[in-house]
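Coordinates in review
Here's the letter readout for the chains.
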Amino acid sequence: MKTFKVSIVTPDGPAYESDVEMVSAKAQSGELGILPGHIPMVAPLQVGAVRLNKGAGKPDLVAVSGGFLEVRPDQVTILAQAAETAENIDIARAKEAKSRAESRLSNKQDNVDFKRAELALKRAVNRINVYEGRV
């Protein structure tokens, strides 16, 4: 099957680069599946997992914290605020972040920014799911 180049870039530099057969990501408008020769487009991404199918075997998984996906016929670029491949996720840190966010949400204190705590919880759960391959 034909392949195309995928680059996932963060402010800290490249997080992933490879030739793949298909990319699946969660855009603000819904789930996207990108194959070689896809029409050019730009889409904002949700916090979620990006699945990168290279052919036979398990797909590569990358946890992204939002950002944008740009599609060109021969290349897909994802610009994300943060992105981690499954093998680079510090699972202990992700579980601690999840616990902190859950406790902030459960404590009905006035000084807690609930939107920020909800986003932190989403990011932590996403990282845990990508690490465990549950996406």
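Just so we're clear, the structure is a prediction, and the values are computed from it rather than from any experiment. (Residues numbered from 1 in each chain as written. Predicted model: local features only at pLDDT ≥ 70, side-chain atom pairs only at ≥ 80, totals over all residues. Heavy atoms only, no water.)

1. A look at the domain arrangement of the chain
Split by domain assignment, the chain resolves into domain 1 (4-86) and domain 2 (91-132). Relative to domain 2, the C-alpha centre of domain 1 lies at a distance of 24 Å. In this complex, domain 1 contributes 10 residues to the contact, which on the side of domain 2 involves seven residues. Contact with domain 2 buries surface across domain 1, with Val 47, Glu 84 and Ala 86 losing the most and accounting together for 56% of the total. The interface formed by domain 1 and domain 2 holds one salt bridge in total. Its salt-bridge partner being Arg 127, residue Glu 84 comes within 2.5 Å of it at the nearest N-O pair. Inspection of the domain 1/domain 2 interface yields four residue pairs in polar contact (both at pLDDT 80 or more). Among the secondary structure elements, those contributing two or more residues to the side of domain 1 that touches domain 2 are strand S5 (41-53) and strand S6 (60-72). (Domains from an automatic or database assignment. Contact = heavy atoms within 4.5 Å. Buried area = accessible area lost by both parts, 1.4 Å probe. Salt bridge = Lys/Arg side-chain N within 4 Å of Asp/Glu carboxyl O. Polar contact = N/O pair within 3.5 Å; in protein donor to acceptor, adjacent residues only side chain to side chain. Helix = DSSP H or I, 4+ residues; strand = E, 2+ residues; numbered from the N terminus.)

2. Quick notes on the nonpolar core
Side chains that are nonpolar tend, in soluble globular proteins, to be buried together. Residues Ile 8, Leu 52 and Leu 69 are the most contacted members of the largest nonpolar core, which totals 22 residues. Residue assignment for this core shows that the elements contributing at least two residues are strand S1 (4-10), strand S2 (13-20), strand S3 (22-27), strand S4 (30-34), S5, S6 and strand S7 (75-79). Other than its neighbours up to four places away in sequence, Leu 69 contacts Ala 25, Leu 32, Ile 34, Met 41, Val 42, Ala 43, Leu 45, Val 76, Thr 77 and Ile 78. In terms of nonpolar packing, the next biggest core, distinct from the first, is built from six residues, Ala 49, Leu 61, Ala 86 and Ile 89 among them. (Core = buried A, V, L, I, M, F, W, Y, C linked by side-chain atoms within 4.5 Å. Buried < 20%, exposed > 50% of the residue type's maximum accessible area, 1.4 Å probe, protein only.)

3. Looking at helix H2 (residues 114-132)
Taking 1.5 Å of rise per residue, the 19 residues of H2 would be expected to cover 27 Å, and the 27 Å separating its terminal C-alpha atoms lies within 8% of that figure. All buried positions along H2 are accounted for by Ala 117, Leu 121, Ala 124, Asn 126, Arg 127, Ile 128, Asn 129 and Val 130. Buried residues belonging to H2 abut S5, S6, strand S8 (83-85) and helix H1 (91-106). Within two residues after H2, Gly 133 carries a phi angle of roughly 75 degrees, on the positive side. (Expected span 1.5 Å × (residues − 1).)

4. Side note on H1
The end-to-end C-alpha distance of H1 is 22 Å, a good match for the 22 Å that 16 residues give at a rise of 1.5 Å each. Taken together, the buried positions of H1 are Ile 91, Ala 94, Ala 97, Ala 101 and Leu 105. All buried residues of H1 lie within an arc of 120 degrees about the axis, which places them on one face of the element. Lining the buried residues of H1 we find H2. (Arc of directions from axis to C-beta.)

5. Observations concerning the pairing of S2
Judged from the seven bridges that link them, S1 and S2 form a sheet pairing that is antiparallel. If you follow Val 9 over to S2, its bridge partner there is Pro 14. (Pairing = 2+ DSSP bridges.)

6. Comments concerning a nonpolar patch on the surface
A cluster of nonpolar side chains, Val 42, Phe 68 and Leu 79, forms an exposed patch at the surface whose accessible area comes to about 310 Å². The class for Leu 79 is partly exposed, based on a relative accessible area of 48%. (Patch = residues over 30% accessible without salt bridge, like charges linked within 9 Å, V, L, I, M, F, W, Y side chains within 5 Å. Areas by Shrake-Rupley, 256 points an atom, 1.4 Å probe, with all protein chains shown as cover.)

7. Notes on the packing of H1 against H2
Packing of H1 against H2 brings their axes to within 8 Å, and their N-to-C directions diverge by 150 degrees. By the angle between their directions, the pair H1 and H2 is classed as roughly antiparallel. For H1 against H2, the interelement crossing comes out left-handed. Of H2, the residues touching H1 (which contributes Ile 91, Arg 93, Ala 94, Lys 95, Ala 97, Lys 98, Ala 101, Glu 102, Arg 104 and Leu 105) are Phe 114, Ala 117, Glu 118, Ala 120, Leu 121, Ala 124, Val 125, Arg 127, Ile 128, Tyr 131 and Glu 132. Class assignment for the residues of the contact of H1 with H2 results in 13 nonpolar, no polar and eight charged. (Axes fitted to C-alpha atoms, helices over the stretch in contact; angles between N-to-C directions. Parallel < 35°, antiparallel > 145°, perpendicular 65-115°, else oblique. Left-handed = near helix turned anticlockwise from the far one by under 90°. Nonpolar A, V, L, I, M, F, W, Y, C, P; charged D, E, K, R; others polar.)

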